[in-house]
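# Structural characterization, general
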Amino acid sequence: NAGVTQTPKFRILKIGQSMTLQCTQDMNHNYMYWYRQDPGMGLKLIYYSVGAGITDKGEVPNGYNVSRSTTEDFPLRLELAAPSQTSVYFCASSYGTSQPQHFGDGTRLSIL
Amino acid sequence: GENVEQHPSTLSVQEGDSAVIKCTYSDSASNYFPWYKQELGKRPQLIIDIRSNVGEKKDQRIAVTLNKTAKHFSLHITETQPEDSAVYFCAASTSGTYKYIFGTGTRLKVLA
């Protein structure tokens, strides 16, 4: 099993550009999450999904959008990239509530 | 709102000594408490977890204790080694809420 796979690993964007961060998991987990982690800081929840077709906002959703058309995939869309969105983005999945979350290796995003 | 306080923010110990990290949660309905280790530039990985029906859990050099009355839980690492150096995050989760509340992290340095 590959677990949670994120692409790309690194990306540099210009201000105002858009991009999609990809996340896929092969564990048949219903629950998926997107976090951002600023340098030296903790994890902040951007969006989460409890199953295909169901998504909801976390604590820092502004400037991001998500979709969940399949159990496996949970892409994160950045529209009109801003320097404040420079961060490391982690995708995670879990079997259910109150269960271990499995993290991908992260996408390191710089916006200049 | 719900929050998890984690202390200390940094901790330095001599190799072979013990390390203790403490977290306090606010939601009395929380029933699942995982601990994650994040090495520099890597993804968070689960090292141990505990549920509210258990007071203590041990896995080799790592143990977690839970005090539901006081609403705090602690990570104990014995016989620390240089490879234990990392950032440790606690979290609290409540069944049905689909998300974790993460602590702010503790940077542990084990000095050889």
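For the structure, check the block above.
Owing to the predicted nature of the structure, the values given are computational and were not obtained by experimental measurement.

## Quick look at the state of the cysteines
In total, this model carries 2 disulfides over all chains according to the counting rule given. One disulfide in the model links C23(A) with C91(A); its S-S distance is 1.9 Å. Here the disulfide of C23(A) and C91(A) is left-handed, its torsion about the S-S bond being about -70°. Of this pair, C23(A) sits in strand β3 (residues 19–25) while C91(A) sits in strand β9 (residues 87–94), and the two are 68 residues apart along the sequence. Of the two residues, C23(A) and C91(A), neither departs from the other in class, the shared state being buried. The partner cysteine of C23(B) in its disulfide is C90(B), sulfur to sulfur 1.9 Å. Looking along the S-S bond of the C23(B)-C90(B) disulfide, the torsion reads about -100°, which is the left-handed sense. One end of the pair, C23(B), is in strand β3 (residues 19–25); the other, C90(B), is in strand β9 (residues 86–93), with 67 residues separating them in the sequence. Each member of the pair, C23(B) as well as C90(B), carries the same accessibility label: buried.

## Quick word on the interface of chain A and chain B
Residue-level contacts link 21 residues of chain A with 22 residues of chain B. Taken as a group, L43(A), S98(A) and F103(A) account for 32% of the area that chain A buries against chain B, more than any other trio of residues on that side. Viewed at the interface, chain B and chain A are joined by 1 salt bridge. Close ionic contact of R43(B) with D105(A) constitutes a salt bridge, the shortest N to O distance being 3.3 Å. Applying the counting criterion to the chain A and chain B interface returns 10 residue pairs in polar contact (both at pLDDT 80 or more). Only β4 (31–37) and β5 (43–51) of chain A provide two or more residues apiece to the side of chain A that touches chain B.

## Observations concerning empty space enclosed by the protein
Overall, the coordinates contain 2 cavities of 30 Å³ or more when judged by the stated rule. When its volume is computed, the largest cavity comes out at roughly 100 Å³. In terms of lining, the largest cavity is formed by 13 residues, of which the most central are E2(B), S30(B), A92(B), T94(B) and I101(B). Residue composition of the lining of the largest cavity, grouped by class: 4 nonpolar, 6 polar and 3 charged. Every residue lining the second largest cavity is listed: Y33(A), S94(A), G96(A), T97(A), S98(A), Q99(A), Q101(A), S93(B), Y98(B), K99(B) and Y100(B). Counted by class, the lining of the second largest cavity contains 3 nonpolar, 7 polar and 1 charged residues.

## Side note on the side chain of Q85(A)
All names here are of chain A. Here Q85 is to be found in the loop between β8 (76–78) and β9. Residue classification places Q85 among the buried residues on the basis of a relative accessible area of 5%. A distance of 3.2 Å separates a polar atom in the side chain of Q85 from the backbone oxygen of G63. Among all residues touching Q85, those that are not within four sequence positions of it are R36, N62, G63, Y64, L78, L80, L109 and I111.

## As for the layout of surface pockets
Taken as a whole, the largest pocket holds about 540 Å³ of empty space. If you trace the largest pocket, you find 29 residues lining it, with Q37(A), G40(A), Q38(B), L40(B) and R107(B) closest to the centre. Its boundaries defined by the atoms lining it, the second largest pocket holds a volume of some 340 Å³. Around the second largest pocket, the lining comprises 17 residues; the ones closest to its centre are L43(A), K44(A), E59(A), I101(B) and F102(B). Those elements that provide at least two residues to the lining of the second largest pocket are β5 of chain A together with β10 (100–102) of chain B.

Calculation criteria
- Residues numbered from 1 in each chain as written.
- Chains lettered and ligands numbered in written order.
- Predicted model: local features only at pLDDT ≥ 70, side-chain atom pairs only at ≥ 80, totals over all residues.
- Heavy atoms only, no water.
- Disulfide = S-S within 2.5 Å.
- Helix = DSSP H or I, 4+ residues; strand = E, 2+ residues; numbered from the N terminus.
- Buried < 20%, exposed > 50% of the residue type's maximum accessible area, 1.4 Å probe, protein only.
- Contact = heavy atoms within 4.5 Å.
- Buried area = accessible area lost by both parts, 1.4 Å probe.
- Salt bridge = Lys/Arg side-chain N within 4 Å of Asp/Glu carboxyl O.
- Polar contact = N/O pair within 3.5 Å; in protein donor to acceptor, adjacent residues only side chain to side chain.
- 1 Å grid on protein atoms, 1.4 Å probe; cavity = no way out; pocket = protein on both sides within 12 Å on 5 of 7 lines; lining within 4 Å.
- Points joined across faces, edges and corners; volume = space filled by probe spheres on them.
- Nonpolar A, V, L, I, M, F, W, Y, C, P; charged D, E, K, R; others polar.

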